[in-house]
Amino acid sequence: MQNRLIFSSLGFMRTGTSHYGSVLLGLLLFLSRGNYEPSPPPVTNCICAGNAIINGSFEEGVNEWTIAEGSKFIATAGFEECGQAYGLLDAVEGEASFWQEVDNVAAGTTFRLKFWAGTHDPSFDHYMEVSFFDEEGNYLDGQKIEVEHDVDEDGKLLNYEETFSSPGGTASLRIVGFANGDFLKVDQVCLQATEYTCTATIEQLILYDVDGDQVITELEDGGVYYLDMLPDWFKIQAIINGNGESVVFDVNGEILLENSEPFNFPATEAGSWEPKGGESYTIHVKVYPEKDAGGAYCDDETITIHFVEDCEPEVEVKVTSVGCGDENGMIAFTFADTPFREDIEFSLDGG
């Protein structure tokens, strides 16, 4: 009869609103069981091949997890879905969070994040988030999975799953748990990377002669180009290495998606690009691993170039000498062909 009473308490405490029920139950079992050793709960929902998260089921407490200053995050029992523990984030007194970082993350890698979670009060904000960072630790992008499951409805956690891709420039990621009230309960945090990784890179941006089927010149950031020296039909072309399937051009706010090689702006089937003399153009190009800019972009490049109408170098030369026999003097060159000139190189006697 005594054991039946205890197991009745188990049912009562599990369906209540207090996560501390398991502590009282554990005390009752300890006082009443004598030499009896109960079997541990079955290990379920624990399969996660290639998990990038260490101690995702909190069987080793909260080891490997970083806890934000002032936050309360512990491993306890009562709502576990894997093994004999789950993670409990206490936000009763205010915002709280915890996280784990994963290094050596390649851009364009597809991940699947799975976890079990729930709360007693879904009116507060509770979520798990993946955040991406570059090599310097700068934040790039992130994605939240809201946890709105009320554990008081069924007495257990709910399984959440989301697939996402790392953006260009990614070097690391962080899995974050957050709550601004009540509790966030979480178990079996599983982060799996797919085998596919985007390897596409932008090798060159060029001006391409369509009629002549040849490269005119490579485009360089800050470069100056003369319209009267260009053919009648030319385009910007992105030369891509690797497994890129689509490219997005943004030229002074004009957007173009190209789904097949050659990746041209304007589109391959369209007419010539018609930049204007005296104008500057900022070109931003992104390459994607899937058609229609699908997945996270693998690589991107931004340059600004300038155009001059005609190549007519008007040079004024002025020689100034202090006096006969004086070794000091000055030669001044004034160039009127382009307002974009920054550097001039001279040589004396061909040297």
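Here the structure is a predicted model, which is why all the values come from computation and not from measurement.

Caption draft 1: Quick look at the overall build of the chain. The helix and strand inventory of the chain stands at three helices and 21 strands. Burial analysis of the chain (351 residues in total) assigns 41% to the buried set. Sequence separation of 24 or more characterises 70% of the internal contacts of the chain that already satisfy a separation of 6 or more. Surface summary for the chain: the accessible area is close to 19,500 Å², and the carbon and sulfur share equals 48%.

Caption draft 2: Inspection of unusual backbone geometry at higher detail. For the bond running from E261 to P262, omega is -5°, close enough to zero to count as cis. Among the structural elements, P262 can be located in the loop between β16 (254-258) and β17 (263-265). Residue F265 is joined to P266 through a cis peptide bond whose omega torsion reads -10°. Counting through the fold element by element, P266 comes out in the loop between β17 and β18 (280-288). With a phi angle near 60°, F58 is a residue other than glycine that sits in the positive phi range. Along the chain, F58 falls in the loop between α2 (21-32) and β1 (66-67). Not every positive phi belongs to a glycine, and Q188 is a case in point at roughly 50°. By secondary structure assignment, the location of Q188 is in strand β10 (residues 183-193). A relative accessible area of 9% means that Q188 is categorised as buried.

Caption draft 3: Quick look at a negative patch on the surface. Residues E95, D125, E146 and E148 make up a contiguous surface patch of negative charge. Structurally, E146 can be placed in strand β7 (residues 139-146). Since its relative accessible area comes to 39%, E146 is described here as partly exposed.

Caption draft 4: Structural context of the sheet that holds strand β4 (residues 96-103). Across the sheet, five strands lie side by side as β1-β4-β9-β6-β7; this open sheet has antiparallel pairing. The sheet is open, and its two borders are formed by β1 and β7, each paired with just one other strand. Bridge count for β4 against strand β9 (residues 172-179) is eight bridges, and the pairing is antiparallel. Within β9, the position partnered with D103 by the bridge is S172.

Caption draft 5: Quick look at the pattern of salt bridges. Enumeration according to the criterion identifies four salt bridges in this entry. Measuring nitrogen to oxygen at the nearest pair gives 2.4 Å for the salt bridge that ties R174 to E101. Taken together, the positions of R174 in strand β9 and E101 in strand β4 put the pair 73 residues apart, joining distant regions of the chain. Given a relative accessible area of 22%, R174 falls into the partly exposed group.

Caption draft 6: Main features of the pairing of strand β14 (residues 234-241). Here β14 lies mainly inside the structure; six of its eight residues are buried. In this structure, strand β11 (residues 201-209) lies alongside β14, joined through eight bridges in antiparallel fashion. Bridged to T201 within β14 is N241. In terms of strand pairing, β14 meets β17 through three bridges, oriented antiparallel. Looking at the pairing, I236 lines up with F265 of β17.

Caption draft 7: Looking closely at the side chain of Q237. Tracing the backbone shows Q237 in strand β14. Within the structure, Q237 has its side chain in polar contact with the side chain of N264 (distance 2.8 Å). Apart from the residues lying within four places of it in its own chain, the contact partners of Q237 are Q204, L205, I206, Y208, P262, F263 and N264.

Caption draft 8: Up close: the environment of A96. For A96, the position within the fold is in strand β4. Taking the C-alpha atoms as reference, A96 lies 9.3 Å from F183; in sequence the two are 87 residues apart. Not counting chain neighbours up to four residues away, the residues in contact with A96 comprise S71, L89, D90, A91, G177, F178 and A179.

Caption draft 9: Up close: the packing of aromatic side chains. Scanning all chains against the criterion turns up 18 aromatic pairs. With a centroid separation of 6.0 Å and an interplanar angle of 75°, the aromatic rings of F133 and Y139 are classed as edge-to-face. For K185, the ring lying beneath its charged end belongs to F183, and the centroid distance is 5.8 Å.

Caption draft 10: Quick peek at the confidence of the model for the chain. Model confidence for the chain is summarised by a mean pLDDT of 81, while 74% of its residues fall at 70 or above. Under a pLDDT of 50 for its full length, residues 1-44 has, in the predicted model, 37 contacts with residues more than four places off or in other chains.

Reading the values: the criteria
- Residues numbered from 1 in each chain as written.
- Predicted model: local features only at pLDDT ≥ 70, side-chain atom pairs only at ≥ 80, totals over all residues.
- Heavy atoms only, no water.
- Helix = DSSP H or I, 4+ residues; strand = E, 2+ residues; numbered from the N terminus.
- Buried < 20%, exposed > 50% of the residue type's maximum accessible area, 1.4 Å probe, protein only.
- Contact = heavy atoms within 4.5 Å.
- Areas by Shrake-Rupley, 256 points an atom, 1.4 Å probe, with all protein chains shown as cover.
- Patch = residues over 30% accessible without salt bridge, like charges linked within 9 Å, V, L, I, M, F, W, Y side chains within 5 Å.
- Salt bridge = Lys/Arg side-chain N within 4 Å of Asp/Glu carboxyl O.
- Lys, Arg positive; Asp, Glu negative; His and termini not counted.
- Charge placed at Lys NZ, Arg CZ, Asp CG, Glu CD.
- Pairing = 2+ DSSP bridges.
- Polar contact = N/O pair within 3.5 Å; in protein donor to acceptor, adjacent residues only side chain to side chain.
- Phe/Tyr/Trp six-rings, centres within 6.5 Å; stacked < 30°, edge-to-face > 60°.
- Lys NZ or Arg CZ within 6 Å of the ring centre and 35° of its normal.
- pLDDT = per-residue confidence, 0-100.

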